[in-house]
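Each chain, letter by letter, is given below.
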Amino acid sequence: MQDLNDLYFFASVVQQGGFTAAGRSLGIPKSRLSRRISELETRLGARLLQRNTRGISLTDLGNRYYQHCQVVIAAAEAAELAVTSSLAEPSGTVRVSCVVAIAQSEVTAALPAFLERYPKVNIDLMFTNRRVNLLEEGVDVAVRVRATDDEDPNLATRRLRAASGYLVASPELMARYPTPQHPRDLVKLPFLGAAEQDRRVHLPLDGPERERYELVAQPRLAVEDFPLRKRAALRNLGLTMLPTEYCSEELKQGTLVRVLPEWSMPIGHVQVVYPTQRGLLPAVRVFVDFLIEHLSKVQPAG
């Protein structure tokens with residue numbers, strides 16, 4: 001069987017830019033390292049490195065071989081981390097992004113119990129409905145609501161429960177305008193919602209006969225907070241989208257009504273997402289387990 005140390009030695013020579021520096025980094029003689037790479041090339045029947053007085057360079061085959069070496073080495077490191085992290089006591093800081101409604105109604109209520117259970121773990125919690133890029137922004141875990149299959153395939157995803165929302169407004173507000181027949185008619189109404197980078201609200205809607213329409217509106221009140229949007233809607237200040245649990249009682253009482261009920265938001269899910277390229281650190285792993293345990297069973301209050 002191939003000695004996997006050869007892959008590690010070869011990658012070290014490439015990364016260090018030569019046999020002398022690689023030998024020093026590995027703690028083995030340059031002559032022994034050079035002999036191992038030569039034996040590797042002989043066994044493969046291919047030249048991997050071009051050697052000259054100025055140093056080394058990769059051949060085309062050597063470059064392809066080096067890319068595979070990197071994958072194998074990363075997998076070996078991840079395998080070791082998976083074992084050592086499972087045995088280590090969780091510690092350090094976990095950066096968490098969470099949609100505002102879930103953070104306020106569920107996560108913050110349960111978070112003190114987590115901190116008591118893991119005294120060496122610090123939580124850096126960010127409330128936002130913005131779609132955070134975990135890898136670019138250094139976020140370890142995100143709790144967000146997304147439509148089916150609308151997630152980065154490079155992230156691990158754990159779906160917790162279904163989520164839906166309605167377009168709602170007060171009956172008094174709707175009486176001031178002609179009855180809308182299509183989402184495009186709604187741009188005439190004042191809107192309450194979370195604005196994106198263009199300072200407009202974007203809402204995908206599914207209609208009859210599988211029609212899909214993206215409602216784009218200039219908000220009179222641009223805000224992520226669902227309770228504030230509900231209070232403003234009850235005061236006849238605008239149309240808004242609310243999660244089902246935030247408006248079910250008002251719909252029963254008739255203080256809010258559904259707008260274009262034949263149109264609906266795409267069914268989504270509350271889900272936890274996190275990077276897994278190099279294994280989970282103990283603190284991140286226990287926090288993900290904590291979120292799954294609490295958010296899967298809790299029904300948020302409206």
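Everything quoted here is computed from the prediction, not taken from an experiment. (Residues numbered from 1 in each chain as written. Predicted model: local features only at pLDDT ≥ 70, side-chain atom pairs only at ≥ 80, totals over all residues. Heavy atoms only, no water.)

**Q** Which residues make up the overall build of the protein chain, and what values do they have?
**A** Helix and strand counts for the protein chain stand at 10 helices and 14 strands. The C-alpha radius of gyration of the protein chain comes to 28 Å, more than 25% above the 19 Å expected for a compact globule of 302 residues. Based on the C-alpha atoms only, the size of the protein chain along its principal axes is roughly 85 × 45 × 30 Å. Burial analysis of the protein chain (302 residues in total) assigns 42% to the buried set. Relative to all contacts within the protein chain whose residues are 6 or more apart in sequence, the contacts with residues 24 or more apart total 70%. (Helix = DSSP H or I, 4+ residues; strand = E, 2+ residues; numbered from the N terminus. Rg over C-alpha atoms; globule rule 2.2 N^0.38 Å. Buried < 20%, exposed > 50% of the residue type's maximum accessible area, 1.4 Å probe, protein only. Contact = heavy atoms within 4.5 Å.)

**Q** Break down the domain arrangement of the protein chain for me, with residues and values.
**A** Looking at the assigned domains, one finds that the protein chain contains domain 1 (4-85), domain 2 (92-161 + 268-297) and domain 3 (165-258). The C-alpha-based centres of domain 2 and domain 3 are spaced at 28 Å. Of the roughly 460 Å² buried between domain 2 and domain 3, counting both surfaces, carbon and sulfur atoms make up 43%. Here domain 2 is connected to domain 3 by zero salt bridges. Counting every contact that joins domain 2 to domain 3 gives zero residue pairs in polar contact (both at pLDDT 80 or more). Here the residues of the side of domain 2 that touches domain 3 sort into two nonpolar, four polar and one charged. (Domains from an automatic or database assignment. Buried area = accessible area lost by both parts, 1.4 Å probe. Salt bridge = Lys/Arg side-chain N within 4 Å of Asp/Glu carboxyl O. Polar contact = N/O pair within 3.5 Å; in protein donor to acceptor, adjacent residues only side chain to side chain. Nonpolar A, V, L, I, M, F, W, Y, C, P; charged D, E, K, R; others polar.)

**Q** Explain helix H5 (residues 100-117) residue by residue, including any values.
**A** For H5, which comprises 18 residues, the first-to-last C-alpha distance of 24 Å matches the rise-based estimate of 26 Å (1.5 Å per residue) to within 8%. Val100, Ala101, Ile102, Ala103, Glu106, Val107, Ala110, Leu111 and Phe114 are the residues of H5 that are buried. (Expected span 1.5 Å × (residues − 1).)

**Q** Lay out the packing of helix H2 (residues 19-26) against helix H3 (residues 30-44) with the relevant residues and their values.
**A** Relative to each other, H2 and H3 sit at 110°, their axes nearing to 8 Å. Taken together, the axes of H2 and H3 are roughly perpendicular relative to one another. Between H2 and H3, the residues in contact are Phe19, Thr20, Ala22, Gly23 and Leu26 and Lys30, Leu33, Ser34 and Ile37, respectively. When the residues that make up the contact of H2 with H3 are grouped by side-chain class, the tally is five nonpolar, three polar and one charged. (Axes fitted to C-alpha atoms, helices over the stretch in contact; angles between N-to-C directions. Parallel < 35°, antiparallel > 145°, perpendicular 65-115°, else oblique.)

**Q** Let's hear about the sheet that holds strand S6 (residues 155-163): which residues, and what values?
**A** Taking strand neighbours across the sheet as the criterion, the five strands line up as S4-S3-S5-S14-S6 in an open arrangement whose pairing is mixed. Two strands in the sheet have a free side with no partner beyond their single neighbour: strand S4 (121-127) and S6. The sheet shows a mean angle of 25° between the axes of neighbouring strands, direction not considered. Pairing geometry for strand S5 (residues 141-147) and strand S14 (residues 268-275), over six bridges, is antiparallel. Across the sheet, Arg144 pairs through a bridge with Gln271, a residue of S14. Of the strands in this sheet, strand S3 (92-98), S4, S5, S6 and S14 are in contact with H5, which crosses S4 at around 170°. With respect to the sheet, helix H10 (residues 282-295) is in contact with S3, S4, S5, S6 and S14, its orientation differing from that of S5 by roughly 45°. (Pairing = 2+ DSSP bridges.)

**Q** If you had to explain the pairing of strand S12 (residues 239-243) to someone new, which residues and values would you point to?
**A** Within S12, five of the five residues are buried, leaving the element largely enclosed by the surrounding structure. Neither face of S12 is left uncovered, since the one carrying Leu239, Met241 and Pro243 and the one carrying Thr240 and Leu242 both have all their residues buried. Two strands pair when backbone bridges link them, and strand S7 (residues 165-169) and S12 are joined in this way by four bridges, in the antiparallel orientation. Looking across to S12, one finds that Tyr166 is bridged to Leu242.

**Q** Give a detailed account of the sheet that holds S12, specifying residues and quantitative values.
**A** Across the sheet, five strands lie side by side as S11-S8-S12-S7-S13; this open sheet has mixed pairing. Each having just a single partner strand, strand S11 (219-222) and strand S13 (257-258) make up the two edges of the open sheet. One ladder, built from three bridges, connects strand S8 (residues 191-193) with S11; its direction is parallel. Among the inter-strand pairings, Gly193 is bridged to a residue of S11, identified as Ala222. Where helix H8 (residues 226-234) meets the sheet, it contacts S8, S11 and S12, and its direction lies at approximately 135° from that of S12. Running over the sheet, helix H9 (residues 244-253) touches S7, S12 and S13 and is turned about 115° from S12.

**Q** Account for the pattern of salt bridges, with residues named and values stated.
**A** Going through the model one piece at a time under the given rule, you end up with nine salt bridges. Between Arg36 and Asp6 there is a salt bridge, and its shortest N-O distance comes to 2.8 Å. Residue Arg36 is found in helix H3, and its partner Asp6 is found in helix H1 (residues 5-16); the two are separated by 30 residues along the sequence. By relative accessible area, which is 17% here, Arg36 ends up buried. Lys120 is the partner of Glu89 in a salt bridge, and the nearest nitrogen-oxygen pair spans 3.3 Å. Separated by 31 residues along the polypeptide, Glu89 in the loop between helix H4 (60-87) and S3 and Lys120 in the loop between H5 and S4 bring together distant segments of the chain. On the basis of relative accessible area, Lys120 is assigned to the partly exposed category, the value being 49%.

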